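Structural description and commentary
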Amino acid sequence: MLRLTTLTILIAVAVVTTLSLSGFSSVSGQTSDSGESVRVIARLLDDGRVEFGLRTPTGDQFPRARFFPTTITHENWLVSSSLALPDGTAVRIIARRAGETRLEFGVRLDDPREEFLPRARFFPRTATIDRWLISTAVELPAPDEPELVAPEPAPPTEPEASDEAEVPTVEVLLSGHRAGLVVERGVIGDRQAPAMIVEYGDPF
């Protein structure tokens, strides 16, 4: 009986150890490819308004427009001004009435537009004044990497025009008994001849 009890305890310990290790592996894999992890913080002010902020890995950030007024009677979403996270993601806090006694809140990405609602996301109107309440974490997606674009090929360059006129190297004799012959670089001859045969030193 003692041996059976010991065996049962060993099996239980092995099961607990296996579950613990598998849970650790699952959590690590889930967060490795995600972006920033943020939480919404909120507190009730003495005038009845609710102030919102965002808890980020670098500390608490507060958008310029962050107060939920007491005069709102509809249940449409109100949107805070934008906040920039360390990875470049632009995020806003959203909040709306959820019945008479609570506010519901979440976060919204600008590009592409997407909304994320934490599991614990309701703020009670009966909260203690000036006491910050914190939502559960929201794992935002990592921003897209910019695509590389191949540069356009440069247009072919045109040869530069020269202002200097080309000096002709061939001269045709127009008069005298050698009219019609050509002179090229000091040598005179017949155009139809296979070679220049008379030097350009004789008088015309």
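Below is a summary of the structure that appears in this document. (Residues numbered from 1 in each chain as written. Predicted model: local features only at pLDDT ≥ 70, side-chain atom pairs only at ≥ 80, totals over all residues. Heavy atoms only, no water.)

Observations concerning the pattern of salt bridges
- Per the stated rule, a full pass over the model turns up 10 salt bridges.
- Between Asp130 and Arg43 there is a salt bridge, and its shortest N-O distance comes to 2.7 Å. Of this pair, Asp130 sits in the loop between β10 (122-124) and β11 (133-134) while Arg43 sits in strand β1 (residues 34-44), and the two are 87 residues apart along the sequence.
- Salt-bridge contacts for Glu51 lead to Arg66; the nearest nitrogen and oxygen are separated by 2.8 Å. Taken together, the residues Glu51 in strand β2 (residues 50-56) and Arg66 in the loop between β3 (59-61) and β4 (67-68) connect sequence positions 15 residues apart.
- When salt bridges with common partners are traced through the structure, they connect Arg43, Glu51, Arg66 and Asp130 into a single cluster. (Salt bridge = Lys/Arg side-chain N within 4 Å of Asp/Glu carboxyl O. Helix = DSSP H or I, 4+ residues; strand = E, 2+ residues; numbered from the N terminus.)

Regarding the pairing of β2
- Among the seven residues of β2, six are classified as buried, and the element is accordingly described as predominantly covered.
- Pairing geometry for β2 and β4, over two bridges, is antiparallel. Note that in β4 the partner of Glu51 across the bridge is Phe67.
- Where β2 and β3 come together, three bridges link them in antiparallel fashion. Within the sheet, the bridge partner assigned to Thr56 lies in β3 and is Gly59.
- With antiparallel pairing between neighbouring strands as the criterion, β2 and β3 make up a hairpin whose turn holds two residues. (Buried < 20%, exposed > 50% of the residue type's maximum accessible area, 1.4 Å probe, protein only. Pairing = 2+ DSSP bridges.)

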